[in-house]
Amino acid sequence: MADQQYEESNYRFTDPIRFFKANDPYYFEVDNIPLKQLQENCLWLKDQVRKDTTIKLKNVKRIDIDELRPYATGADRVVRVKPGRYTSRINDASTREPLAYLRKVMGEAIGDVDAWSAATPNPGDFPGDKNAALGAALDKFKENLAENALGMNGLVERAFTWPVINSDTPIDNDGANLDTTKSWLSFGGEDVNIPGGGAASSPFPITEAITWAKSQDSAVSEVALPSFEITSTNGWASFPLTESYFIKAWRGVSRLAIVDVDDEITIEVPKFDPTDFSYTGEDGQSVDVNGVTQRIDLVFIYSKPIDASGVDTIQNGSVERITRPALGIVKGAGIKTSFEEKTFDFADGYKVNTNDSILAAPGDQSNVNMGFNSTSANDIAYPIRGSFPAPDDLLNLAPLISEKLEDTAYELVGQSILPVAYVFVQESSEIVLSTDVIDIRPLFRTAELTYNERAGIGAAFPQLSLANPAVGKSQLDYELRRVYSDLNTITTVQDNAIAEITTNPLAIGYVFGGFNFGAEGALYDFYRKQFATDTETDNDSVQYIKDYVKSKYGLGSTNITIPDYPDWDLAKWCVLQDLDNKGYCPNDYINTFISTDPDSTGSDNSIAAGSYKDPVTPEGTTLNGGTPTRINKFSAATTGGVPDMIYHYISKTIKFNRPANLIDYEVDFKLINCIAQMQNGGTPNSSDRALSFGSWVEKGYDEFTIYISFNVTNNVPYKNKTSLPQFPSPDPGWDLSNESGRTDGSRFSGFSVLTNDILYSNTAPVATGGAGLGYVGNPRVGKCTYPTVMWKMTGFTQEDAGFLYGNLNQVNPTIAIKE
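Conventions used here
Residues numbered from 1 in each chain as written. Predicted model: local features only at pLDDT ≥ 70, side-chain atom pairs only at ≥ 80, totals over all residues. Heavy atoms only, no water. Helix = DSSP H or I, 4+ residues; strand = E, 2+ residues; numbered from the N terminus. Buried < 20%, exposed > 50% of the residue type's maximum accessible area, 1.4 Å probe, protein only. Contact = heavy atoms within 4.5 Å. Areas by Shrake-Rupley, 256 points an atom, 1.4 Å probe, with all protein chains shown as cover. Core = buried A, V, L, I, M, F, W, Y, C linked by side-chain atoms within 4.5 Å. Pairing = 2+ DSSP bridges. Axes fitted to C-alpha atoms, helices over the stretch in contact; angles between N-to-C directions. Lys, Arg positive; Asp, Glu negative; His and termini not counted. Salt bridge = Lys/Arg side-chain N within 4 Å of Asp/Glu carboxyl O. Polar contact = N/O pair within 3.5 Å; in protein donor to acceptor, adjacent residues only side chain to side chain. Phe/Tyr/Trp six-rings, centres within 6.5 Å; stacked < 30°, edge-to-face > 60°. Arc of directions from axis to C-beta. Left-handed = near helix turned anticlockwise from the far one by under 90°. Nonpolar A, V, L, I, M, F, W, Y, C, P; charged D, E, K, R; others polar.

(A) Structural context of the overall build of the chain. Broken down by element type, the chain carries twelve helices and 37 strands. Buried positions account for 37% of the 819 residues belonging to the chain. Counting contacts in the chain only where the partners sit at least 6 residues apart, residues at least 24 apart contribute 69% of the total. In the form shown here, the chain has an accessible surface area of approximately 47,600 Å², with 52% of it arising from carbon and sulfur atoms.

Written as structure tokens, this is what we have:
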């Protein structure tokens, strides 16, 4: 038992005090001794009462703590556990009524990101009539009836992950509009000095309007729950809301909860059976193992939390519901090993053992390095050897979490147990002695995860949850295999005994010029004028005309949205300079190359690198042994103050996640509904300048950039070097008095829009100034600043490595092709 700790005192306690004896001589000093001892005793007691009335304990052992203490009386085979409370991981998902119903709408196909839809309490056609089921569940908040108990725990009103945009960026106060003009990470919106300020409302209670309220007139039957929003700049910004719906759907499965054992609980321990350690021999007959005299059982508590009316557990191979904590037992023997030779059909699958027992080795009772030792320092009466059922791994079971499971699926059943005791069962014993019960209550257990495992989960981005579960290597291997199989798909078409081998494209898409400054803008304007003159009353709205343009020219399916502003990247000069309204001006996306005007002997400083201009021998010298020179100018002569080369270009960079088996790829693209003009018309000294026109792709390892160049237009006064799209220019010698370089969209528009409707919308001769020009059938065109292109990316996998060629510098090389 525990030793009592007394308060320190200047006095000493004497017990027993001295009494007079018959032969004691009478002397006052001797006579006062017992009186002084009595006085000291009284003063000592006074100190104890005055200083502290709390009894302090030391040398406390498990047996001294009565909470959930297992014990046996020694009169029967029953193990008893005292009342108490503990914190338990609750894994049961089968008995909690859902407060949300989800279905996956994206994420099954390769390349899809996950997205779900959630039923609302409004009338609707959500699968399984879940709209009505959710409405009925929410109605239970109105009535104070036992059958309407939901066992709320506060989890469903909260989000538990911080919102982020991508793996590098938290959100700002206004949402996801990052300020990318700074050289450091900053945020637009109100509070630019608060990085991640947009997380101020999460993870905190989700508003009632989002989680519970019905929509006006019950118009919304389901709500969209994205994972990563690829069609916007929000990314994972809405992820905490999505996660909260998972919590509502599963009602906090795998949560921590309090278990209350309000009264003593008991269980009877099975007697020792010599056949527990038998095995099946090669002939199929059962063989007993001699000399086994003991067995070790594990006693545990099935956890039933206080915030649930009951839980499902798996006992003896079947599902049983408990409404209060109960004891269970695992025998330290019972699964028989078979050495019989027979054919096993693996198609039968994995067979679950339904016996509450483990596979025990008889020799375990003889190994002195295993088990519990009896020493003077512990409470073990005698050494206990044998096979010990594992407290955690054997019995704690997690449910299978999947939205594709039925509400009553067996896989939703889990269980969580608290191990409390090992019981030493001996062959000769008819009862369980008090010394046979080994207390193993996990009062001082270590962390369930190591530091790096816990830190890895904590550093997951976005944070792990039911909406974002951890991915194991097996699952990752499976997904990579799906990608590989898709890329490696080869379709063979038989035509006149000739096999044509085709490879599916890796990706396909558009780069739009947009309705404001692009080819779509010219098409919009054309049909706006056409529809304004007809008698239809419903075809002249902005959205109708935009939808008409998209539909007529087959510009993608429903997942394609034509933007108002160009998809093309902002020009570098626009990004680098401190300008207002970036991207709003029509020319903010146009880059311009301008060469210098060197004399006949100088170099053109606009050329940063050049190839050789002289003949080069294999030794790297000129034909006469000198050092070869490189190209450093566009023209061999001066051009009288006119640049040797000038042209515009636009570009778009597209990144991609490169698969491991992709060895090379090609990108093809074409102009859609438009062409670029070539020669400058009517500009003075135009013959003195070179013009550049064309399109090309810059390939990178995991990105590519599409470029289109076009000539400068005829109203740019080149000789005076006045404003170009790059206003304001860094060159102080240029005229900066006119900002029309950015804002005048007609000055640098280099693309014509050519579609059948526009080309032949008016076949009369073109007329101007009262004089008829052109001819009958003269085409008309649209005019725009930015083109739209359609691109296709085709990949070559490892299987195609033998058909990827380079070094074809020999005469008439012959290549092999796939058959």
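(B) Local environment of the nonpolar core. Ranked by size, the top nonpolar core spans 39 residues in total, and within it Y527, W568, F704 and W791 carry the most contacts. If you tally residues by element for this core, the top one is helix α8 (residues 519–532), at seven residues. Sequence-distant contacts of Y527, that is, excluding residues within four places in its chain, are made with I545, Y548, V549, K552, Y553 and D757. Counting 26 residues, the second-largest nonpolar core is a separate cluster that includes L68, A72, F277 and V420.

(C) Geometry of the sheet that holds strand β7 (residues 115–119). On the basis of which strands lie adjacent, the open sheet formed by three strands has the order β6-β7-β12 and antiparallel pairing. For this open sheet the edge positions go to β6 (102–106) and β12 (222–226), each flanked by a neighbour on one side alone. Direction aside, neighbouring strands of the sheet carry axes that sit 30° apart on average. Two strands pair when backbone bridges link them, and β6 and β7 are joined in this way by four bridges, in the antiparallel orientation. Within β7, the position partnered with K104 by the bridge is W116.

(D) Region of the structure containing the side chain of R77. Of note, R77 is situated in the loop between β3 (70–71) and β4 (78–81). This buried residue, R77, is left without a salt bridge; E268 holds the nearest opposite charge, at 5.5 Å. Separated by 3.2 Å, the side chain of R77 and the backbone oxygen of P270 make a polar contact. Side-chain polar atoms of R77 contact the backbone oxygen of S429, separated by 3.4 Å. Sequence-distant contacts of R77, defined by excluding residues within four places in its chain, comprise I267, E268, V269, P270, K271, F272, V425, S429, E430, I431 and V432.

(E) Representation of the packing of aromatic side chains in the model. Under the defined criterion, the tally for this structure stands at 16 aromatic pairs. Aromatic side chains W116 and F246 sit 4.9 Å apart centroid to centroid with 85° between the ring planes, which places their arrangement in the edge-to-face category. Taken together, the residues span a long stretch of sequence, with W116 in strand β7 and F246 in helix α4 (residues 239–250) at a distance of 130 residues. Per residue, the accessibility class of W116 equals that of F246, and both read buried. Put simply, the rings of F526, Y527, F531, Y544 and Y548 pair up and form one aromatic cluster.

(F) Spotlight on helix α2 (residues 130–139). Every buried residue belonging to α2 is among K130, N131, L134, G135, A137 and L138, and all of these are buried. Across the axial projection of α2, the buried residues extend over an arc of 160°, all falling on one side. On its buried face, α2 is in contact with β7.

(G) Summary view of the pairing of strand β5 (residues 84–90). In β5, alternate side chains face the same way, and those of G84, Y86, S88 and I90 are buried while those of R85, T87 and R89 on the opposite face are not. Across seven bridges, β5 lies against strand β13 (residues 255–261) in antiparallel orientation. Directly across from Y86, in β13, lies its bridge partner V259.

(H) The arrangement of the sheet that holds strand β21 (residues 337–338) in detail. The three strands lie next to each other as β16-β15-β21, forming an open sheet whose pairing is mixed. Two strands in the sheet have a free side with no partner beyond their single neighbour: β16 (286–287) and β21. Bridge analysis of strand β15 (residues 279–280) against β21 gives two bridges, and the strand direction is parallel. Among the inter-strand pairings, Y279 is bridged to a residue of β21, identified as T337.

(I) Examining the environment of L405 more closely. If you trace the backbone, L405 turns up in the loop between β21 and β22 (417–426). For L405, a relative accessible area of 22% translates into the label partly exposed. Those residues in contact with L405 that lie beyond four places of it in its chain are L400, E411 and L412.

(J) Region of the structure containing the pattern of salt bridges. This model, assessed by the stated rule, comprises 19 salt bridges. K271 is the salt-bridge partner of E430, the closest N and O atoms lying 3.0 Å from each other. Placement of the pair is E430 in the loop between β22 and β23 (437–439) and K271 in the loop between β14 (265–268) and β15, with a sequence separation of 159 residues. The partner of K331 in a salt bridge is D276, with the nearest N and O atoms 3.5 Å apart. One end of the pair, K331, is in the loop between β20 (326–330) and β21; the other, D276, is in the loop between β14 and β15, with 55 residues separating them in the sequence.

(K) Just the environment of P170, in detail. Mapped onto the elements of the fold, P170 is located in strand β9 (residues 169–170). We classify P170 as partly exposed; its relative accessible area is 27%.

(L) Just the packing of α8 against helix α9 (residues 542–552), in detail. For the pair α8 and α9, interaxial distance at closest approach is 10 Å and the crossing angle is 120°. As α8 runs across α9, the sense of the crossing is right-handed. Packed against α8, whose contacting residues are L523, Y524, Y527, R528 and F531, the element α9 presents V542, Y544, I545, K546, Y548, V549 and K552 at the interface. A breakdown of the residues in the contact of α8 with α9 according to their chemical character gives nine nonpolar, no polar and three charged.

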